[in-house]
Amino acid sequence: MLKTRMKRLATRTELDLQRLAAIEAAVAGLSDEDLLDFADIFIGGDPTPLHAMAEEQMRKRGISL
């Protein structure tokens, strides 16, 4: 039972990592204007991982809100 649970957890973790990589790639693939719109959505309120991804891309591109 423990081996099955560990295998299921490993599979779930791998799928989650793939999904996160796809989200990061999608944010990186946004045009500058779309990236600014995306960042603007998350600028208010508590910090989120999506806001952090947008800020990182904006910093790399040398753009700001």
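These notes cover the structure that comes with them. Owing to the predicted nature of the structure, the values given are computational and were not obtained by experimental measurement. (Residues numbered from 1 in each chain as written. Predicted model: local features only at pLDDT ≥ 70, side-chain atom pairs only at ≥ 80, totals over all residues. Heavy atoms only, no water.)

### Quick look at a nonpolar patch on the surface
- A contiguous nonpolar surface patch, about 330 Å² in accessible area, is contributed by L2, M6 and L9.
- If you trace the backbone, L2 turns up in helix 1 (residues 2-28).
- Under the relative-accessibility criterion, L2 is labelled exposed at 58%. (Patch = residues over 30% accessible without salt bridge, like charges linked within 9 Å, V, L, I, M, F, W, Y side chains within 5 Å. Areas by Shrake-Rupley, 256 points an atom, 1.4 Å probe, with all protein chains shown as cover. Salt bridge = Lys/Arg side-chain N within 4 Å of Asp/Glu carboxyl O. Helix = DSSP H or I, 4+ residues; strand = E, 2+ residues; numbered from the N terminus. Buried < 20%, exposed > 50% of the residue type's maximum accessible area, 1.4 Å probe, protein only.)

### Looking at the pattern of salt bridges
- The final tally for this structure, using the stated rule, is 3 salt bridges.
- With its nearest N and O atoms 2.9 Å apart, the salt bridge here joins R61 to D32. On the criterion of sequence distance, the pair formed by R61 in helix 3 (residues 49-61) and D32 in helix 2 (residues 32-43) is long-range, its members being 29 residues apart.
- For E56, the salt bridge is made with K60, and the minimal N-O distance between the two is 3.4 Å. Taken together, the positions of E56 and K60, both in helix 3 and 4 residues apart, correspond to about one turn of that helix.

### Quick notes on the nonpolar core
- Within the largest apolar cluster, 8 residues are counted, these being V27, L35, F38, A39, F42, M53, A54 and M58.
- Where this core is concerned, the elements lending two or more residues are helix 2 and helix 3.
- The leading source of residues in this core is helix 2, at 4 residues.
- Each residue touching F42, except ones within four places of it in the same chain, is listed here: T48, L50 and H51. (Core = buried A, V, L, I, M, F, W, Y, C linked by side-chain atoms within 4.5 Å. Contact = heavy atoms within 4.5 Å.)

### Thoughts on the environment of I43
- By the element assignment, I43 lies in helix 2.
- Among the residues examined, I43 registers a relative accessible area of 44% and is labelled partly exposed.
- Excluding residues within four positions of it along the chain, I43 makes contact with H51 and L65.

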